[in-house]
Amino acid sequence: GLLHLACHTPDMGNLYLRQDDYADLEAFYLVHGEELLTPTPDQFKEPEKFEALLSELKTTQMLQSWMNETREDDIHEMFGVGAGDIRRSADTARWLLYSAHELASLFKAKGAMSPLRKLQQRIRYGIREDLLELVQLRGIGRVRGRSLFRSNYRKLADVERASEQELARVPYIGAELARSIKRQVGQDIETARAENSA
């Protein structure tokens, strides 16, 4: 619902519908229609508005695929968009979700703030929620984060316990990045300990 809300705004350039999109998107709407936070037009009384809704839902699906770590080539095949279009849509959605978070804060809608913050970070990096902690490290994005996760480094504390040499053996990491990660984690952990003891 929150992701569709971003796609519903005039700022989001939504994807064009192809002839073979309609049946799938209508089925998607039947399953997820109740999750939407905006009024939904009647398919038969307002066909143009309903078609606009389907375009918003297609964009929502594309962004969901990006956040579920689907490969860019696969997203291109599924939605007919290039890498630049994916990034542009993700950047616009991130900005809109940030704005929604600020509005939620202003209006004291505390229940929406955490989901909006997580969604904003997930769309920024194109990651599932389980990588949110790892991508706080400089040099770690969706590919390296998933590689660390698969090597059982799932939290910053796991990374802190590992040696530089162990981290360097993780695919896509290497010696230089392992050194940088250890420095970052050491500083972050020490700062957190200092704050907790104060």
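Residues numbered from 1 in each chain as written. Predicted model: local features only at pLDDT ≥ 70, side-chain atom pairs only at ≥ 80, totals over all residues. Heavy atoms only, no water.

This part covers a nonpolar patch on the surface. Together, Leu103, Leu106 and Phe107 line one region of the surface with nonpolar side chains, adding up to about 370 Å² of accessible area. In this structure, Phe107 sits in the loop between α5 (83-106) and α6 (110-125). (Patch = residues over 30% accessible without salt bridge, like charges linked within 9 Å, V, L, I, M, F, W, Y side chains within 5 Å. Areas by Shrake-Rupley, 256 points an atom, 1.4 Å probe, with all protein chains shown as cover. Salt bridge = Lys/Arg side-chain N within 4 Å of Asp/Glu carboxyl O. Helix = DSSP H or I, 4+ residues; strand = E, 2+ residues; numbered from the N terminus.)

Axis separation between helix α3 (residues 47-67) and α6 bottoms out at 8 Å; the angle between their running directions is 80 degrees. Taken together, the axes of α3 and α6 lie roughly perpendicular to each other. Contact residues: α3 offers Leu63, Trp66 and Met67, while α6 offers Leu119, Arg122, Ile123 and Tyr125. Grouping the constituent residues of the contact of α3 with α6 by class yields six nonpolar, no polar and one charged. (Axes fitted to C-alpha atoms, helices over the stretch in contact; angles between N-to-C directions. Parallel < 35°, antiparallel > 145°, perpendicular 65-115°, else oblique. Contact = heavy atoms within 4.5 Å. Nonpolar A, V, L, I, M, F, W, Y, C, P; charged D, E, K, R; others polar.)

In terms of nonpolar packing, the biggest core is built from 22 residues, with Met62, Leu63 and Ile123 touching the most fellow members. Looking at this core, the elements with two or more residues in it are α1 (2-8), α3, α4 (72-79), α5 and α6. At six residues, α5 tops the list of elements feeding residues into this core. Aside from chain neighbours lying at most four places away, what touches Ile123 is Leu3, Leu63, Trp66, Met67, Ala90, Ala93, Arg94 and Leu97. Counting residues in hydrophobic clusters, the runner-up holds 21 residues, among them Leu134, Leu137, Val159 and Val170. (Core = buried A, V, L, I, M, F, W, Y, C linked by side-chain atoms within 4.5 Å. Buried < 20%, exposed > 50% of the residue type's maximum accessible area, 1.4 Å probe, protein only.)

What follows concerns helix α7 (residues 142-150). Residue pairs spaced three or four apart in an α-helix point in one direction, given the helix's 3.6 residues per turn. Taken as a whole, α7 has its buried residues at Arg142, Gly145, Arg146, Ser147, Leu148 and Phe149. The inward-facing, buried residues of α7 contact α3, α6 and α9 (164-168). Looking one or two residues past α7, Asn152 carries a phi angle of roughly 70 degrees, positive in sign.

Turning next to the confidence of the model for the protein chain. Per-residue pLDDT for the protein chain averages 92, and the proportion of residues at 70 or more is 94%. Mean pLDDT across the elements of the protein chain ranges from a minimum in helix α10 (residues 174-197), with 72, to a maximum in α3, with 97. (pLDDT = per-residue confidence, 0-100.)

Attention now moves to the environment of Ile181. Following the sequence through the fold, Ile181 ends up in helix α10. On a C-alpha basis, the gap between Ile181 and Glu46 in space is 54 Å, while along the polypeptide they are 135 residues apart. Every residue in contact with Ile181, bar those within four places of it in the chain, is listed here: Leu137, Ile140, Val159, Leu167 and Ile173.

Turning to unusual backbone geometry, a few remarks are in order. Phi at Asn152 is positive, roughly 70 degrees, even though this residue is not glycine. With respect to the helices and strands, the residue Asn152 is situated in the loop between α7 and α8 (156-161). The class of Asn152 is exposed, set by a relative accessible area of 52%. The residue Tyr172 is not glycine, and still its phi comes out positive at about 75 degrees. Residue placement: Tyr172 occurs in the loop between α9 and α10. Judged by its relative accessible area of 58%, Tyr172 falls in the exposed class.

To continue, consider the pattern of salt bridges. Overall, the coordinates contain 13 salt bridges when judged by the stated rule. For Lys58, the salt bridge is made with Asp21, and the minimal N-O distance between the two is 2.6 Å. Taken together, the residues span a long stretch of sequence, with Lys58 in helix α3 and Asp21 in the loop between α1 and α2 (22-32) at a distance of 37 residues. Taking the relative accessible area as the measure of exposure, Lys58 reaches 2% and is therefore buried. The structure contains a network of salt bridges with shared partners spanning Arg18, Asp21 and Lys58.

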